[in-house]
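Chain residues, written in single-letter form:
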Amino acid sequence: MKKFIIKDRTFIAIILLLICVVIVSFFSLQSTIKREEIKRFQENFNKTTHYSTLNAKLLIDEMIKDLNKMSKMIGKYENIHSPFVKDILIYTQDLSYFNVVGVVDENGDGYNSFGDSFNLSNRDYFKKSSVGKLGVSNIFKSKVFKDKYAQIFSYPLYDKKKNIKGIVFGAFYFDSIEKITNIRLRNDDKTKLFFLDSAGNYINNNEFFKNNFTFWNYLEDTEISKNYITEIKRSFKEDRSLGYNYKKNGITYYGHSFPFDNLNGYLVSETNDREVTNYIDKINSLVLKEELITGSCFVLMIFLICVYFRRINNETKEANKKAEDNMEIICKVAEHSQKTVFSYDSNTKTLSIKTNLFDNFFLKDLSSDKVINNFPESLISSNIVDQDSIKNLRKLFCDEHDQNFIEIKTIVNNKEEWSRISIYNKFNDKKNNFDDIVGIIENITQEKLRESEHEKKLEIYEKLIKNAIFYAKADLCTDTVFELNGKNVKLKLSEFLRNDFLLKIKTNYLDYVIESFSFKNLNNIFNNGNDLFKLEFLVENKEVEQWVSCIIYKINTNDNNKILFVVKDIDQKKKRELELKNRAEKDGLTGLYNSITLRNKIEEALQIKNFNNLKRVFIILDLDNFKEINDKFGHSYGDKVLIEIAKILKNRFRSNDIIGRLGGDEFVIFLNGVEDYEAAEKYIQCLKIATEKVYEKENLTVKISGSIGFSISPDDGSTFEELYTRADLALYEIKKCGKNNYKKYTK
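Predicted model only: the values in this text are computed from it and were never measured. (Residues numbered from 1 in each chain as written. Predicted model: local features only at pLDDT ≥ 70, side-chain atom pairs only at ≥ 80, totals over all residues. Heavy atoms only, no water.)

**Let's talk about the overall build of the protein chain**
Along its length, the protein chain carries 20 helices and 30 strands. Buried residues in the protein chain amount to 45% of all 747 residues. Residue pairs in contact within the protein chain that sit at least 24 positions apart in sequence constitute 53% of those at least 6 positions apart. (Helix = DSSP H or I, 4+ residues; strand = E, 2+ residues; numbered from the N terminus. Buried < 20%, exposed > 50% of the residue type's maximum accessible area, 1.4 Å probe, protein only. Contact = heavy atoms within 4.5 Å.)

**Here we look at the side chain of serine 129**
By the secondary structure assignment, serine 129 is in helix H3 (residues 124-129). When its relative accessible area of 0% is taken as the criterion, serine 129 is described as buried. Side-chain polar atoms of serine 129 contact the backbone nitrogen of glycine 135, separated by 3.3 Å. At 2.6 Å, the side chain of serine 129 forms a polar contact with the side chain of serine 154. Dropping the residues within four chain positions of it, serine 129 is found in contact with Leu134, Gly135, Ser154, Tyr155, Pro156, Ile164 and Ile167. (Polar contact = N/O pair within 3.5 Å; in protein donor to acceptor, adjacent residues only side chain to side chain.)

**Some words on helix H11 (residues 445-465)**
An α-helix turns once every 3.6 residues. As a result, residues three or four positions apart point the same way. For H11, with 21 residues, the first-to-last C-alpha span of 30 Å sits near the 30 Å given by 1.5 Å per residue. Buried residues of H11: Thr445, Glu447, Lys457, Leu458, Tyr461, Leu464 and Ile465, and no others. Phi turns positive, to about 60°, at asparagine 467, one or two residues after H11. (Expected span 1.5 Å × (residues − 1).)

**Examining the pattern of salt bridges**
The full count for this structure, using the stated rule, is 30 salt bridges. Lysine 736 is paired through a salt bridge with glutamate 733; the nearest N and O atoms lie 4.0 Å apart. Of this pair, lysine 736 and glutamate 733 both sit in helix H20 (residues 720-736), separated by 3 residues, roughly a single helical turn. For lysine 736, a relative accessible area of 54% corresponds to the exposed category. The class of glutamate 733 is partly exposed, set by a relative accessible area of 31%. One continuous salt-bridge network, built from bridges that share partners, spans Lys69, Glu407, Arg420, Glu442, Glu447 and Lys448. (Salt bridge = Lys/Arg side-chain N within 4 Å of Asp/Glu carboxyl O.)

**Regarding the environment of glycine 170**
Looking at the element boundaries, glycine 170 is found in strand E7 (residues 164-173). It is 5.4 Å that separates the C-alpha atoms of glycine 170 and phenylalanine 153, two residues lying 17 residues apart in sequence. Excluding residues that lie within four positions of it along the chain, glycine 170 makes contacts with Leu67, Phe98, Val100, Val101, Gln151, Ile152 and Phe153.

**As for the packing of aromatic side chains**
By the definition in use, this model includes 13 aromatic pairs. Measuring from ring centre to ring centre gives 6.1 Å for phenylalanine 653 and tyrosine 683, while their planes differ by 20°; the resulting arrangement is stacked. Note that phenylalanine 653 is positioned in the loop between helix H18 (635-652) and strand E26 (658-663) and tyrosine 683 in helix H19 (residues 677-690), a separation of 30 residues in sequence. An aromatic cluster is defined as three or more aromatic residues linked by ring pairs; in this entry it consists of Phe98, Phe153 and Phe172. In this structure, lysine 448 packs its charged tip against the face of tryptophan 418, placed 4.6 Å from the ring centre. Here the basic side chain of lysine 574 rests over the ring of tryptophan 547, its NZ or CZ set 5.2 Å away from the ring centre. (Phe/Tyr/Trp six-rings, centres within 6.5 Å; stacked < 30°, edge-to-face > 60°. Lys NZ or Arg CZ within 6 Å of the ring centre and 35° of its normal.)

**Quick notes on helix H2 (residues 83-95)**
Taking 1.5 Å of rise per residue, the 13 residues of H2 would be expected to cover 18 Å, and the 19 Å separating its terminal C-alpha atoms lies within 8% of that figure. Listing the buried residues of H2 in full gives Phe84, Val85, Ile88, Leu89, Thr92 and Gln93.

**Some points on the confidence of the model for the protein chain**
Model confidence for the protein chain is summarised by a mean pLDDT of 78, while 75% of its residues fall at 70 or above. Per-element confidence in the protein chain is highest for strand E25 (residues 615-624), whose mean pLDDT is 94, and lowest for strand E8 (residues 186-187), whose mean pLDDT is 53. For residues 1-8, every residue scores under 50 in pLDDT, and the model assigns this stretch 0 contacts once sequence neighbours within four places are set aside. Of the regions scoring below 50 in pLDDT, residues 205-209 engages in 10 contacts with residues more than four places distant in sequence or in other chains. (pLDDT = per-residue confidence, 0-100.)

**Re unusual backbone geometry**
Between phenylalanine 375 and proline 376 the backbone carries a cis peptide bond, its omega angle lying at 15°. Take proline 376: it is sitting in the loop between strand E15 (371-372) and helix H9 (377-380). At the junction of serine 713 and proline 714, the peptide bond is cis and its omega measures out at 10° in the coordinates. On the secondary structure map, proline 714 appears in the loop between strand E29 (700-713) and H20. Positioned with a positive phi, asparagine 467 is a non-glycine residue whose angle comes to about 60°. Residue placement: asparagine 467 occurs in the loop between H11 and strand E19 (468-475). Given a relative accessible area of 68%, asparagine 467 falls into the exposed group. Phi is positive for lysine 739, which is not a glycine, with a value near 65°. Along the polypeptide, lysine 739 turns up in the loop between H20 and strand E30 (742-744).

**Topic: the pairing of strand E1 (residues 100-105)**
The buried fraction of E1 amounts to 6 of the 6 residues, a majority that puts the element mostly inside the structure. Burial of E1 is two-sided: the residues Val100, Gly102 and Val104 facing one way and the residues Val101, Val103 and Asp105 facing the other way are all buried. Of the strand pairs in this sheet, E1 and E7 are connected by 6 bridges, and their pairing is antiparallel. Paired with valine 101 across the strands is glycine 170, a residue of E7. Following E1, the chain reverses through 3 residues before pairing antiparallel with strand E2 (residues 109-112); glycine 108 in that reversal takes a positive phi of roughly 95°. (Pairing = 2+ DSSP bridges.)

**Overview of the packing of helix H17 (residues 626-633) against H18**
In contact at an axis separation of 7 Å, H17 and H18 are set at 140° when each is read in the N-to-C sense. In terms of orientation, H17 lies oblique with respect to H18. For the pair H17 and H18, contact is made by Phe626, Ile629, Asn630 and Phe633 and by His635, Tyr637, Gly638, Val641 and Leu642, respectively. Among the residues forming the contact of H17 with H18, the class breakdown is 6 nonpolar, 3 polar and no charged. (Axes fitted to C-alpha atoms, helices over the stretch in contact; angles between N-to-C directions. Parallel < 35°, antiparallel > 145°, perpendicular 65-115°, else oblique. Nonpolar A, V, L, I, M, F, W, Y, C, P; charged D, E, K, R; others polar.)

**With respect to the packing of helix H16 (residues 595-607) against H20**
At a minimum axis distance of 10 Å, the contact between H16 and H20 shows a crossing angle of 115°. Our classification of the angle between H16 and H20 gives roughly perpendicular. Packed against H16, whose contacting residues are Arg599, Ile602, Glu603 and Leu606, the element H20 presents Phe720, Glu721 and Leu723 at the interface. Split into classes, the residues belonging to the contact of H16 with H20 amount to 4 nonpolar, no polar and 3 charged.

Dropping the structure here:
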């Protein structure tokens, strides 16, 4: 009995010991679980907030790049009030994330893309950018944005000599921060996420934050020491992230602050342990109940622990998956804009592609599994990187890089491409396996082409309007002139042309100009790939004729309606051209067409379709006894005779007939349209009579006449060669039969 009691006591003692062990283990496990769960929960929360902040930084860097581009484009113009500068401001506002952009001269006077004027000389960000630095304003309530919170970025504006002549700036308001960063500013039982400025003021419009108190006021109402508040304030001043915790109303809160490098502000995230504690209490209650009901509480406890750790493992995997999903969100944002995301380990020199390569063809041949070793040297050794880009590429990926992005030129399959590589530092926490660097690669070939095309168009525009009589910008669709000689106007295009332009055009050019300026004709020209159309014609200004050129230039490549209309004085140049052309086409002695021009003119006339079935007559005139003129009276006298014959030919024939001198005393007349043979014969008879002349000098007399052979088109041929050969055969017959007569070619 005693032994039994001893054994029973021993068993009870063992049971009690086991119960104590279970209880101690239970409370130890409870403490461990709570500590690990809170730690895991906080780490995952920090990761999620970090990726959201990184996404915001990527887009803010894009906004700074837009300011840099705008500064370069405006810097080309001496006057910031140029209409081209205003176009650049509107263009930048439309394509960037800024709500408004502007330009300011060195005195602080400037205007924005809305047309508002102001002076910023006393602003800190103006002073900072005036010495060549990026300026960032404090966050403030803007009257322009209806008392919304806003912030301004400023960037130096350089002239062509690289001297600072002012600044450019861009402003955005914080209501748009949710749209551009995908960060939802919220406050609920589980999570608080909000922006603070450098003074600790809340920056958003949530109901929770409408009370007039700061973050520091809020912390002073909690169970947190003043030293801890001082440490948080110090981290704000030093622009570094910091994790903190405090208690309020019996609940422990965990927070993390992240500085926004370019916003002079901070993103603060907070969560509490209420959800974790409730979850742990539920498990503890379950375990304790099972321990009291069954004698195998120890086994059950081990089983529950195994189950729980399995659940913890699954939740850890799920948390890791969420972290990966956050990275995927960044990747999807990049993919949506056709960008390639990568991570880079600076220790192993390994670059890992996280998304599709899209149009970044220069990386495709380096690796098939999206992992590139020994980067960037492997890329440089492939000999596809332009020499001017190699130095910047090495500098970007070295350990002490001092720039965030570069633009490189590559040549793949004889095709030139441009790419922008941007990198961002991540946590260097080896325990959490974070990559050293994350970055984005985007193909900017089209962007470079557009920039080049825009610069060419500006260059063409400036050349076109230089020394112009006047120039105007017009919209063909709305029949409106909206700019005249650089000033904004609102005129009807049709009335402007009719009253100020068409009335001065010489009558014989009027129909040609009106037809050329028709919307249908201009549209056909632009649709055929021509951006520029030029006309030259005579105008009459104060009874003085003047040659002008009218140039129609398509302002926008994708819009046929917007045109630049330029009129220039080309009077002297055109008259020189016509004089040179006349010399080249005419016979130097008689002023008739020379043999080459004669042939070309007749060939052109023969190519024109004969709609009225009229005949075309090819006439060869050869002067009889002209050699005696030269022999008896001299060659100077003979030249006078040839000039006289030329005048006779000009007076006898019509303006649309073609008259020329083949050489010597041989002339060609091309009758460009007669009804029949009888009509042609009347012209030829008159020609024969007109060339019968008698010349006397020093009691010497010489009588000349004309032998004429002719052929008719299309009966005798349809080319110059055919008609000339057959008319020449007819002339030969006349010469053989006694001269001074005419004959048609017969087969």
